[in-house]
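So the chains spell out like this:
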Amino acid sequence: MSLEQFISNAISPWMKNPGPDDDIVMSTRIRLARNLEDFPFPSSTSQDAARALYKHVYERLSQTSKEMVGKLIWLPMDGLSTIEKTVLVEKHLTSPQFAKESKQGAVVLNNDETISMMVNEEDHLRIQCLSPGFQLSEGYKSADKLDDWIESHVTYAFDEKKGYLTSCPTNVGTGMRASVMMHLPALVTTQQLNRILPAVSQLGLVVRGIYGEGSEARGNLFQISNQMTLGKSEEDIIEELRGVVLQLIERERNTRRELLKHNQLQLADQVHRSYGILANSRIIESKEAGNHLSTLRLGIDLDLIRGIEGNILNELMVLIQPAFLQQFAEQELTADGRDERRATLIRERLKLENIQDGGGET
Amino acid sequence: MQCQECNQRQATLHFTKIVNAEKTEMHLCEVCAKEKGDEFPGSNSYSIHDLLSGLLNVDPSTGSGAGYSQKVQNEYALQCPKCRMHYKDFINNSRFGCSYCYQAFSAKLDPILKRVHGGNHTHTGKIPKRQGGRLKLQREISSLKTKMQEHIDREEFEYAAEVRDKIRELQEAKEKEEGQ
Ligand SMILES: [Zn+2]
Ligand SMILES: [Zn+2]
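Residues numbered from 1 in each chain as written. Chains lettered and ligands numbered in written order. Predicted model: local features only at pLDDT ≥ 70, side-chain atom pairs only at ≥ 80, totals over all residues. Heavy atoms only, no water.

### Here's the deal with the overall build of chain B
- Along the backbone of chain B there are eight helices and two strands.
- For chain B, with 180 residues in total, the buried portion stands at 36%.
- Considering only contacts within chain B whose residues lie at least 6 apart along the sequence, 36% involve residues at least 24 apart.
- With the model as given, the accessible surface of chain B reaches about 11000 Å², and the carbon-plus-sulfur share is 47%. (Helix = DSSP H or I, 4+ residues; strand = E, 2+ residues; numbered from the N terminus. Buried < 20%, exposed > 50% of the residue type's maximum accessible area, 1.4 Å probe, protein only. Contact = heavy atoms within 4.5 Å. Areas by Shrake-Rupley, 256 points an atom, 1.4 Å probe, with all protein chains shown as cover.)

What follows is the structure in structure tokens.
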């Protein structure tokens, strides 16, 4: 398989599309946790009960009209290889735990993988909508629509006072987790983020670095999501998150402009050095790759380097994860082997681009 | 003496709590005692009388009265009738066994949920469409009742009467819905 083909199969179709504010916001995710009445929660259930739930859901949802949501593909977990499952994890379509120990579970996907659903994860159903760029309301709209459609075929566990009943008390109420993945290199470099994060968490939001192998945050990527699910409506949750994300976007953009104004030469130097390392390494660890990819992406956004696709950061951050590297290599790899393959993959990917020096105007 | 929960109001209720022969004193104001009341089993619809009769059933001479420790015993014995999960297992795993656990442990749940959800313990978000006709009406009625009270407080009795009529209408619709 050619590299182009491999990439086009590996990257979720939605990732190739541009989205609003996608110079800073990589993607938006809405997740709804739902359970059905009269079935024990998956975390405590027996194989038989889990199978019964799966059968119930499959019978009701797989046979019904697809007008609302488009065609859905059902992937029962026990029919997937370990690497296939890991690929689903690295595409954020399942959780690591689910891939490891799912009993009677399945992943349900639509064509472009914007819509997915886990059956028998921690909750009976985990509905997810992924979109490129900053699209909280749009994401919620499609999750809401899918939720309505599902609810017209099954009976949810719902309580007037507690809302949607979930396996973990941290999800009860709306069952909704809204997350926005942000690329914040300028706020990290100028050490502003350290000061902003405590304030953000005071607003009831959680910020997580995106972790690679090992546990170090990499690539200046941060996921911001709501913490509370009870006592606020979905719209309130989304509005609050949107407010904070908008402020972060503005600060990141201003700081980028300031950096460019005062340090253009140094910035251009960094960007081209990062490009040099990515384009020439023979061995590279995921953390180092993540950081250079982040700098390269910043260079693209600031027009310090030209001829590279803007979504190369999103794309390569996905591809340099272990399961994809092993799929690309068509064999299992040790950590050293992965470092070598990672360097090769990035080098070959950059060869597909037509690099030029940029002008440095934003 | 100040209330040990809120540190603001005067503590007017004093309890002795005995768990496994360990004695703790509690000094609460009425507001906080009422909140604590939510933690007690068997009182789904809270009544200050239930709470007090339970709490104050402590023999003052020994401080080891049957009332409170009986309550504590019950707490440990809480179990979901549907999935058989014990309350203490829920505390250990922080996962419910099934949706009925919410009902079974409801007496203990609100303080936990408040801690997790920034002080909130009542859902105000989406309601499932198919199950939700009655719930939606109920929510509308509650908000109208608040509105009516506001009018009464401002002595706007004509407006209050208008709202009252609207409430009646919705209540009738709700009864119809329930009758089906
Ligand atoms: Zn108090
Ligand atoms: Zn239960």
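Text resumes after the structure shown.
### Re unusual backbone geometry
- Even without glycine at this site, Asn-120 of chain A takes up a positive phi of about 65 degrees.
- Tracing the chain through its elements places Asn-120 of chain A in the loop between β4 (115-119) and β5 (125-132).

### Side note on the coordination of the zinc ion (ligand 2)
All names here are of chain B.
- The coordination sphere of the zinc ion (ligand 2) contains the protein donors Cys-80 (SG), Cys-83 (SG), Cys-98 (SG) and Cys-101 (SG), at a distance range of 2.3 to 2.4 Å.
- The site at the zinc ion (ligand 2) holds four donor atoms, and with the angles between them running 96 to 126 degrees, its shape is tetrahedral.
- The sequence motif formed by the donor residues of the zinc ion (ligand 2) is C-x2-C-x14-C-x2-C. Of this pair, Cys-83 sits in the loop between α3 (66-77) and α4 (87-93) while Cys-101 is found in helix α5 (residues 101-104), placing the two residues 18 residues apart along the sequence. (Donors = N, O, S within 2.8 Å, 3.2 Å for Na, K, Ca; no water. Tetrahedral: all angles 85-135°; square planar, octahedral: opposite > 155°, others 65-115°.)

### A closer look at the interface of chain B and chain A
- On the side of chain A, 43 residues touch chain B, which itself brings 31 residues to the contact.
- Summed over both sides, the interface between chain B and chain A buries roughly 3000 Å², with carbon and sulfur atoms accounting for 54% of that surface.
- For the chain B face of the interface with chain A, the top three residues by lost area are His-117, His-123 and Lys-126 of chain B, together amounting to 23%.
- Remark: the boundary between chain B and chain A carries seven salt bridges.
- Among the salt bridges present, the one from Asp-148 of chain A reaches Lys-126 of chain B, with a minimum N-O distance of 2.8 Å.
- Between the two partners, chain B and chain A, sit 21 residue pairs in polar contact (both at pLDDT 80 or more).
- Those elements that place two or more of their residues in the side of chain B that touches chain A are α5, α6 (106-116) and α7 (133-153) of chain B.
- Here the side of chain B that touches chain A is built from residues that sort into ten nonpolar, 14 polar and seven charged. (Buried area = accessible area lost by both parts, 1.4 Å probe. Salt bridge = Lys/Arg side-chain N within 4 Å of Asp/Glu carboxyl O. Polar contact = N/O pair within 3.5 Å; in protein donor to acceptor, adjacent residues only side chain to side chain. Nonpolar A, V, L, I, M, F, W, Y, C, P; charged D, E, K, R; others polar.)

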